[in-house]
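# Architecture and fold: a report
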Amino acid sequence: MIQLKTLLVDDEYSAVEGLRIRLEAFPEINVIGSAASVDEAIALLNKVDVDLIFLDIEMPSKSGFELIKHFQPESCPAVIFVTAFHQHAVQAFEVRALDYLLKPVKLTRLAEAIERVVTTEKLHRKTALIEAHQSLVNNDPQEVGVTGNSEYKFEAENLVIQDAKNPIQIIPFKDILWIDAAGDYMCVHTPAETHVMRARLKELEKNTLPEGFLRIHKSTIVNLSHIKQLNPLRNSEYMAVLQSGKTLKVSRTYSKNLKSLFKY
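These notes cover the structure that comes with them. Since we're looking at a predicted model, the values are computed, not measured.

Rules used in this analysis
Residues numbered from 1 in each chain as written. Predicted model: local features only at pLDDT ≥ 70, side-chain atom pairs only at ≥ 80, totals over all residues. Heavy atoms only, no water. Core = buried A, V, L, I, M, F, W, Y, C linked by side-chain atoms within 4.5 Å. Buried < 20%, exposed > 50% of the residue type's maximum accessible area, 1.4 Å probe, protein only. Helix = DSSP H or I, 4+ residues; strand = E, 2+ residues; numbered from the N terminus. Contact = heavy atoms within 4.5 Å. Arc of directions from axis to C-beta. Polar contact = N/O pair within 3.5 Å; in protein donor to acceptor, adjacent residues only side chain to side chain. Pairing = 2+ DSSP bridges. Axes fitted to C-alpha atoms, helices over the stretch in contact; angles between N-to-C directions.

## Description of the nonpolar core
Counting 26 residues, the largest nonpolar core has V9, I53, L55, L67, F81, F93 and Y100 as the members making the most contacts within it. Among the secondary structure elements, those contributing two or more residues to this core are strand 1 (4–9), helix 2 (38–45), strand 3 (52–55), helix 3 (64–68), strand 4 (78–83) and helix 4 (89–94). Looking at which element gives the most residues to this core, the answer is helix 2, with four residues. Discounting chain neighbours no more than four positions away, the residues touching L67 are V9, V38, A41, I42, L45, I53 and L55.

Written as C-alpha cells, this is what we have:
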C-alpha cells in the first residue's frame, strides 16, 4: 500500500490539529510534521522529502503560493490547498494543485482529495517504471524521471465550477457530454452526474469551452467527440445521437455547421 509522507502547513494551530485528527482515518497518510509559515515549511523541507503537502494560502508574511515557487515543477510534491477563501481556486489549479478544500474540511471531500493523490502517485510510479525499462532497452544514459510542464494550464483541460456555498467541482472537458441552459444556470452533463453552475451559455461558448464543443440549439452545446450519429428530421433539423444513447435536437439554425463537420 502506498503511504505518503505528508506535511501540514497552516498558521492556525487549531486547523493543523483538526486536519491531523481527520487524517488519522487514512492509512495512506503519514504526517511527518507541520509548519506555521512558509519559511518554517522550507526549513523543514530542506531536511526531509515529502510526498504531499496540505497547504493554507493566506498566512502572515508569505502566502502558500510562495512555497510552491520553492520547487522546480518536476520536483514539487503533491499539493492540496486548504483555505477559507474560494477565490484562489483557479490560481491554485494553475500551479498544478491536485485539489482545493474549503474550511471547515468535510471528511467526504478529504477522502476524495486523498484518493486523487493516491491515484496520481500510482500513475507516476507506473510511468517511472515504464520509462526506466525503456531507458534500459535503449541504453539511454539520460536520467529517468517524470518531468513536469511549467506551461501547464489547468483551465485548458478542466471546467472549474465554484461558488461561495458549495465545494469546488473540477470536471475534465473530455468527460462533458453536453451542456444546456436553464435561465441563468447551466446544467453540465457527464456520464456520472449533472452539475449545475451559474453562467450564461454564450459566455461559456465564447470564453471557457475549448475547441470540440459546438452549439446545436439556442440552449444546448454538445461535445462533438461524444456524437455517434446524426439522424435527419424535417425542416433541415437533425437528432444527434450520443455514444451513451442520449439524443439531442439540432435546430435548423445550427445544423449546417454540424453537418459540415460530419461531412453529411
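## Observations regarding helix 2
Among the residues of helix 2, V38, A41, I42 and L45 are the ones counted as buried. Seen from one end, helix 2 has its buried residues packed into an arc of 100°, which puts them on one side. Buried residues belonging to helix 2 abut strand 1, strand 2 (29–35), strand 3 and helix 3. Sitting at the amino-terminal end of helix 2 is S37, which places a side-chain oxygen 3.1 Å from the backbone nitrogen of E40.

## Some details on the sheet that holds strand 15 (residues 247–250)
One open sheet accounts for three strands, arranged 13-14-15; its pairing is antiparallel. One side of each edge strand has no neighbouring strand; the edge strands of this open sheet are strand 13 (227–232) and strand 15. Between one strand and the next, the sheet's axes are offset by a mean angle of 25°, whatever the strand orientation. Note: strand 13 against strand 14 (residues 238–242), five bridges, orientation antiparallel. Each bridged residue has a counterpart across the sheet, and for N231 the counterpart in strand 14 is M239.

By themselves, these observations are geometric and do not establish any function.
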